[in-house]
Every structure is written in C-alpha cells, then in structure tokens.
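Read off the chains here:
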Amino acid sequence: MNPVVGMRAGIMGWKGKEGVRHLGKIYDFEFMTVSVDMLFNLTNLFSKTKEHRTNLVLLGGVGVSHPKGKEELAELTPNGGDTGFNGRIGLQLDVNLTKHWSVNAEVDANRIFQRAYFGTDHSKHWQVAAFVGVAYKFGKGKRNVADIGSATGMNDYFDGQNAIGAHDKGAKAAGSSETEQVKAPVVKKEEPAPAKKKEVKQAAKPQLVKMDDGHIFFSINSADISSSDMRELKKVADWAAAHPAAKITVTGYADKETGNTQINKAISLRRANRVAEVLQKYGLQKSRMEVIARGDTEQPFAANNKNRVVIVAGSEK
C-alpha cells in the first residue's frame with residue numbers, strides 16, 4: 001500500500017491433531033484457515049530512507065478456521081462448533097538477497113477459540129507459531145523493452161547552420177541611350193574614383209552539437225541499472241569524451257502513482273546519483289555533470305510506468 005503499511009491474505013491447512021486428556025486419545029482431523037493481516041514496516045517507519053536490505057515488520061490480523069473429520073467426537077462434544085475465529089499478532093524479519101528473492105522469519109502469537117475444533121473446551125487458548133520462508137517478489141520483474149521505448153542513441157546532430165555572409169557584388173550599371181545627340185563638344189570632368197567598399201563578412205554562428213537524450217528506466221522503488229543500460233551509459237561516456245566541452249545533465253524522476261512526494265523525491269535522487277556514478281566509472285568527470293531530482297513533480301511520459309526514469313542529456317557549443 002505504501003512503504004510503511006501493507007496488507008496480506010493467506011490460506012493454509014491440511015492435517016491436524018487434537019488430544020482429549022481425560023479420554024487419553026489423540027484424534028486426527030483436517031482443517032483450513034483463511035486469514036487477513038495488516039503489516040507495518042517498522043524499519044521504514046523510523047528511518048529516513050525507504051529502501052533497506054533488512055526490514056522488521058509488525059503484523060496483526062484475524063482468521064477463520066473450519067475443521068473436518070471430527071465425527072468420532074461428535075457425541076462427546078455436542079457443543080462443538082464447525083467454524084471459529086482466531087486473532088494473531090507477530091513480528092517478521094525480511095532479508096533481501098537479490099532484486100527478486102528474499103528470506104524471512106516470522107513468529108506469531110495466536111488467540112484460538114478451541115470450540116471451533118472439537119468443543120471439548122469453550123475457553124480461549126494461546127498458540128505460538130514460528131515460520132521460515134523464501135519469497136519471490138513479482139513486483140520487480142524484468143522490464144519489457146518494447147514498452148519502455150528504444151535504447152539511448154548517441155548520434156550527433158546539428159541544430160544550427162553556418163550563416164553565409166552576404167557579399168556586396170556591386171550594383172548593375174544602368175545603360176545610357178545609344179542615340180544621344182551631341183550639340184557641342186563636351187569636356188568630361190574627371191571624377192575621383194569611388195572609395196573601395198570594405199567587404200565585411202558576417203561571423204559564423206557557433207554550431208550547437210547535441211546528444212540524443214538517453215532514457216534509463218527502473219523498477220518500482222529501485223535504483224538498479226540493468227546490464228543493457230550499462231552499455232548505453234558507456235556510449236554516453238564515449239560521446240562526452242569525443243566532445244570535451246559538452247555538459248551532461250542527469251535528471252531523475254519517479255511515477256506519481258507510487259509512494260508520496262517525499263519518497264519519490266528521494267528515489268529520483270538515488271536513481272540520478274546511481275547513473276552519475278556509472279558515468280564516472282566510465283571516465284566522465286563529475287565536474288561536467290549536473291545531477292537533478294524532479295521526483296513526481298514532472299512526468300515526462302504519458303504512461304505512468306515510464307516515469308520511473310533518468311534522462312541523460314548533453315550539448316556542446
């Protein structure tokens with residue numbers, strides 16, 4: 001539901017045993033329990049960061065149990081019910097091993113209505129249960145390359161062109177009449193030669209060289225970079241090396257439909273810093289990069305899932 005509060009539903013059951021002390025017998029039966037629990041991540045609650053390898057979770061909930069196969073005791077326990085409720089409270093320790101896998105240990109204290117089984121005792125009982133499990137997290141699955149768009153391209157392109165200086169080639173002389181009548185000799189007055197105009201060439205505008213924006217996409221609440229994206233970031237670093245005057249901007253984002261403003265600001269910064277670290281590893285100096293965290297205040301894509309992204313841009317004059 002969010003980094004602190006979650007909910008789970010479960011179903012379990014198979015074989016059980018129940019002993020009746022005054023009869024000195026143990027009876028087998030089958031049972032099924034359906035339960036709903038609220039989960040409170042104490043690690044996230046008291047920590048400023050919202051991602052941890054180890055999480056301590058407080059849980060509490062209720063369940064409904066239904067036993068079968070108690071016919072042998074039906075006559076001895078006429079007040080026994082078929083269905084009963086139970087409540088639980090417990091702690092779970094979850095340790096992330098990889099992006100997908102984790103192990104967890106859980107200890108629960110369960111308040112059981114004994115009557116729900118055989119009705120031999122109408123009082124309530126406490127039962128302590130311990131579990132160790134392995135979890136696979138589907139929410140961090142592989143991304144669909146077709147869905148997130150094409151990978152980063154590093155082709156150079158130009159926004160401007162050289163301005164061509166306008167050269168004055170002189171005005172076209174106007175022709176005089178061929179049949180001009182001369183009444184008297186005309187003495188031509190020599191005129192000083194016109195001053196030679198200085199040709200002024202316009203300075204060429206500087207060309208703007210830009211790098212195609214790179215898009216590095218992430219899973220929910222993750223700053224992990226895939227091996228394919230590592231190769232694309234190597235291309236970014238190579239482009240920057242070929243354009244030593246270029247500045248690189250690394251901008252992190254988070255999607256609006258997950259977390260809240262504070263959490264999304266933090267995860268977008270982690271993603272941007274992680275991309276900057278990889279670029280430094282490939283030789284791009286830190287002084288040439290500007291790292292920005294937008295959180296969920298801006299959504300560069302219409303599709304929500306694409307907004308878990310870092311956009312890398314570069315330009316050189």
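Preceding block: the structure.
The shown structure was predicted, so the numbers you read here are calculated from the model rather than taken from an experiment. (Residues numbered from 1 in each chain as written. Predicted model: local features only at pLDDT ≥ 70, side-chain atom pairs only at ≥ 80, totals over all residues. Heavy atoms only, no water.)

Student: Describe the pairing of strand β11 (residues 289–295), naming the residues involved and giving the relevant values.
Tutor: As paired strands, strand β10 (residues 247–253) and β11 are joined by six bridges and run parallel to one another. Opposite T251, over in β11, you have I292 as the bridge partner. Handedness of the crossover joining β10 and β11 through helix α4 (residues 261–281) is recorded here as right-handed. (Pairing = 2+ DSSP bridges. Helix = DSSP H or I, 4+ residues; strand = E, 2+ residues; numbered from the N terminus. Right-handed = clockwise from strand over helix to strand, strands pointing away.)

Student: Which residues make up the pairing of β10, and what values do they have?
Tutor: Within a regular beta strand, the side chains point alternately toward one face of the sheet and then the other, so they alternate between its two faces. Counting buried residues in β10 gives five out of seven residues, a clear majority hidden from the surface. In this structure, β10 lies alongside strand β12 (residues 309–316), joined through six bridges in antiparallel fashion. Within the sheet, the bridge partner assigned to V250 lies in β12 and is V312. (Buried < 20%, exposed > 50% of the residue type's maximum accessible area, 1.4 Å probe, protein only.)

Student: Quick one: what's the story with the nonpolar core, residue by residue and with numbers?
Tutor: Grouped burial of nonpolar side chains is what soluble globular proteins tend to show. Grouped together as the largest cluster of nonpolar side chains are 21 residues, with contacts concentrated most on I225, L233, I248, V250, V275, L279 and V312. Listed by contribution, the elements that provide at least two residues to this core are β9 (209–217), α3 (227–242), β10, α4 and β12. Excluding residues within four positions of it along the chain, L279 makes contact with L233, V236, A237, V250, L284, M289 and V312. (Core = buried A, V, L, I, M, F, W, Y, C linked by side-chain atoms within 4.5 Å. Contact = heavy atoms within 4.5 Å.)

Student: Mind laying out the packing of aromatic side chains, listing which residues take part and the relevant values?
Tutor: Each aromatic ring pair is characterised by the separation of its centres together with the angle its planes make. Following the criterion strictly, the structure yields two aromatic pairs and no others. Ring geometry for W101 versus Y136: centroids 4.8 Å apart, planes at 70 degrees, classification edge-to-face. On the criterion of sequence distance, the pair formed by W101 in strand β6 (residues 101–113) and Y136 in strand β7 (residues 124–136) is long-range, its members being 35 residues apart. Accessibility expressed as a relative area gives 37% for Y136, which makes it partly exposed. Seen from their ring centres, F217 and F301 are 5.8 Å apart, and the 45 degrees between their planes marks the pair as tilted. A residue pair is termed long-range when its members are at least 10 positions apart, and F217 in strand β9 and F301 in the loop between β11 and β12 qualify at 84 residues. (Phe/Tyr/Trp six-rings, centres within 6.5 Å; stacked < 30°, edge-to-face > 60°.)

Student: How would you explain the packing of α3 against α4 if you had to name every residue and give the values?
Tutor: Viewed as axis vectors pointing N to C, α3 and α4 meet at an angle of 60 degrees, and their least axial separation amounts to 9 Å. When you trace α3 past α4, the crossing you get is right-handed. Residues M230, L233, V236 and A237 of α3 form the contact with α4, whose participating residues are R274, V275, V278 and L279. For the contact of α3 with α4, the class distribution of residues is seven nonpolar, no polar and one charged. (Axes fitted to C-alpha atoms, helices over the stretch in contact; angles between N-to-C directions. Left-handed = near helix turned anticlockwise from the far one by under 90°. Nonpolar A, V, L, I, M, F, W, Y, C, P; charged D, E, K, R; others polar.)

Student: I'd like to hear about the environment of Q92, residue by residue, with values.
Tutor: Relative to the assigned elements, Q92 resides in strand β5 (residues 84–96). For Q92, a relative accessible area of 13% gives the class buried. Separated by 37 residues in sequence, Q92 and N55 place their C-alpha atoms 8.2 Å apart. Among all residues touching Q92, those that are not within four sequence positions of it are R8, N55, L56, V57, L59, N104, A105 and E106.

Student: Explain the pattern of salt bridges residue by residue, including any values.
Tutor: Pairing of side chains with opposite charge becomes possible as their charged atoms draw close. Evaluated as defined, the whole model comprises eight salt bridges. For R8, the salt bridge is made with E106, and the minimal N-O distance between the two is 2.8 Å. Of this pair, R8 sits in strand β1 (residues 5–12) while E106 sits in strand β6, placing them 98 residues apart in sequence. Among the residues examined, E106 registers a relative accessible area of 7% and is labelled buried. One connected set of salt bridges, linked through shared partners, spans R8, D37, R88 and E106. (Salt bridge = Lys/Arg side-chain N within 4 Å of Asp/Glu carboxyl O.)

Student: So what's going on with a nonpolar patch on the surface? Residues and values would help.
Tutor: Among the surface-exposed residues, F40, L56, L58, I89, L91 and L93 lie close enough to one another that they form a single nonpolar patch of about 470 Å² accessible area. Residue assignment for the nonpolar patch shows that the elements contributing at least two residues are β4 (54–68) and β5. The greatest single-element share of the nonpolar patch, amounting to three residues, is contributed by β5. For L56, the location among the structural elements is in strand β4. On the accessibility criterion, L56 (34% relative accessible area) is partly exposed. (Patch = residues over 30% accessible without salt bridge, like charges linked within 9 Å, V, L, I, M, F, W, Y side chains within 5 Å. Areas by Shrake-Rupley, 256 points an atom, 1.4 Å probe, with all protein chains shown as cover.)

Scope: geometric values only; no functional claims are made or implied.
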